[in-house]
Amino acid sequence: MKKYRKYGLAVLGLIAGGILMGTSTTANAALYPSSTLPQTNMVDVSSWQGNLTAADYQTLAANGVKAVTIKASEGQGYINPDLSQQVQYAQQAGLSINFYHFVHFTSPSAATSEAQNFVNAVQSVTSSKDVVMVADFESSELGSLGKANNDANLAAFDSALNQAGYNKTDLYTMASWVGKVIDTNSANAGWIADYPAAPSGSKYPNANAWQWASDYRFPSINQNLDVSQLNNDYYLNSTAASTGSTTGSSTDTTSSSSSSSSISSSSSSTPSSSSSKQPGNVVMVPGPSKSSGSQYSAARSNSVKLVWRRGMNSHYYKTTAGARYSKHLGTRYGYNADLPNVTWVTDAHQKLYKKNTGKYAIYYHVKSTTGNHGGWIWRGYLNK
């Protein structure tokens, strides 16, 4: 989750992708599976890992990952545009799903507002309260605020989460900040980031988890990922997807090439000005019925390459042709012929390169006017 590098006590954060670095050592070159390394029980992801496919999550599960903690929000307004899709893929892989919020609060009132944004984001993808809600505490402005103030602000943040029904909370921060900039406690035993040059064994046995690298490479996944070793089962057995299948409608403006991993970079490097009306926020899509033919196809997903994806103005269409897909076409949500009377509203579009034909295609992201259906439809199937 690191966004910045650490400079002494006034840590700035870490590098794009994940949470912070707990020591002043520099990140290693990519680490690969080895019996000498700590366990990789948990991975954290954000929009920086939005290019991971459903098959990649299956690979994580097959290689010992038991839990995934997903960035839900940041500050008082930002919501991860890939949140819904990432929840869906993690659920399909049988992983325990938890959430984190990248904090900026410097007062109890700001902490309460950020907690509400966090709750709104999580409730957009699940009604379950049986999840760990993590405060990702690494932003540079917090380093000079003073431990007493930070402790009080975190208490206000947790209190707001508790009032909303979330009783499993935790604190993610770097090892060098614990006891100096922020305290762990009985409600937040800690998810501690500390990246030794030669990671091995165990650390921080009283904490819930130890994040020991941000540059770990799983087989067949060509991207560095944050990995953590769990010290107990606190992050396991969560039921984040109890409301059923959800789908993502993210509208990044970047290509699908891999970006650096780690939560932090995922975290604070993202804009904090998103609003509920902006393109890219989560669209809830019910799990399609069996008759819709919903399915995941790795071959279909691998047959296209993202050229660009961005938001667009609202336009209204009808169609009974084709189907609705996830953003990279991997999952088919349903056939449009099953919903002949639905009016579809656009909020984003993307250009895909079709490797099999050498041609390009424009897909529109649409949702029904009632908001209960959505997905990506080839532009040629949409009629005014």
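The protein appears in an unreviewed UniProt entry as Glycoside hydrolase family protein from Lentilactobacillus diolivorans DSM 14421. Per UniProt, the protein carries the Sequence similarities (unreviewed entry) text "Belongs to the glycosyl hydrolase 25 family."

Draft legend 1. View of the environment of Ala-90. Among the structural elements, Ala-90 can be located in helix H2 (residues 83-92). Relative accessible area serves as the criterion here: at 0%, Ala-90 is assigned to the buried category. As for Ala-90 and Val-68, which are separated by 22 residues in sequence, their C-alpha atoms are 7.1 Å apart. Ignoring sequence-local partners within four residues, the contact set of Ala-90 consists of Tyr-57, Val-68, Leu-95 and Ile-97.

Draft legend 2. Local environment of the environment of Ala-361. Note on placement: Ala-361 falls in strand E16 (residues 359-368). The class for Ala-361 is buried, based on a relative accessible area of 6%. Considering only alpha carbons, one finds Ala-361 and Lys-351, 10 residues apart in sequence, at a separation of 5.7 Å. The contacts of Ala-361, once residues within four sequence positions are left out, are Gln-350, Lys-351, Leu-352, Lys-354 and Trp-378.

Draft legend 3. Seen up close, the packing of aromatic side chains. If you walk through the whole model with that rule in mind, you get 12 aromatic pairs. Geometrically, the ring pair formed by Tyr-216 and Phe-218 is edge-to-face, given 4.8 Å between the ring centres and 65° between the ring planes. Side by side, Tyr-216 and Phe-218 carry an identical accessibility label, which is buried. Arranged with centres 5.1 Å apart and planes meeting at 55°, the rings of Tyr-353 and Tyr-360 form a pair that is tilted. The structure contains a cluster of three or more aromatic residues connected by ring pairs, namely Tyr-172, Trp-191, Tyr-234 and Tyr-235. Sitting over the face of the ring of Tyr-166, Lys-129 holds its NZ or CZ atom 5.2 Å from the ring centroid. Positioned above the aromatic ring of Tyr-360, the side-chain terminus of Lys-351 is 4.6 Å from the ring centre.

Draft legend 4. A look at the nonpolar core. Counting residues in hydrophobic clusters, the biggest one holds 55 residues, and the most contacted among them are Tyr-57, Phe-99, Phe-137, Phe-157 and Phe-218. For this core, the element with the most residues is helix H3 (residues 108-123), which contributes seven residues. Within the second largest apolar cluster, 13 residues are counted, among which are Val-134, Trp-191, Ala-209 and Leu-236.

Draft legend 5. Quick peek at the pairing of strand E5 (residues 133-136). Taking every second residue as pointing to the same face, both faces of E5 are buried, with Met-133 and Ala-135 on one and Val-134 and Asp-136 on the other. The sheet contact formed by strand E4 (residues 96-102) and E5 spans four bridges and is parallel. Opposite Phe-99, over in E5, you have Met-133 as the bridge partner. Where the polypeptide runs from E4 across H3 and back to E5, its parallel neighbour, the crossover connection is right-handed. Looking at chain direction, E5 and strand E6 (residues 169-174) are connected through four bridges and run parallel. When the bridges of E6 are listed, Met-133 appears paired with Thr-169. Between the parallel elements E5 and E6, the chain passes through helix H4 (residues 147-163) in a crossover that is right-handed.

Calculation rules
- Residues numbered from 1 in each chain as written.
- Predicted model: local features only at pLDDT ≥ 70, side-chain atom pairs only at ≥ 80, totals over all residues.
- Heavy atoms only, no water.
- UniProt positions renumbered as here; feature names shortened; annotations may be inferred.
- Helix = DSSP H or I, 4+ residues; strand = E, 2+ residues; numbered from the N terminus.
- Buried < 20%, exposed > 50% of the residue type's maximum accessible area, 1.4 Å probe, protein only.
- Contact = heavy atoms within 4.5 Å.
- Phe/Tyr/Trp six-rings, centres within 6.5 Å; stacked < 30°, edge-to-face > 60°.
- Lys NZ or Arg CZ within 6 Å of the ring centre and 35° of its normal.
- Core = buried A, V, L, I, M, F, W, Y, C linked by side-chain atoms within 4.5 Å.
- Pairing = 2+ DSSP bridges.
- Right-handed = clockwise from strand over helix to strand, strands pointing away.

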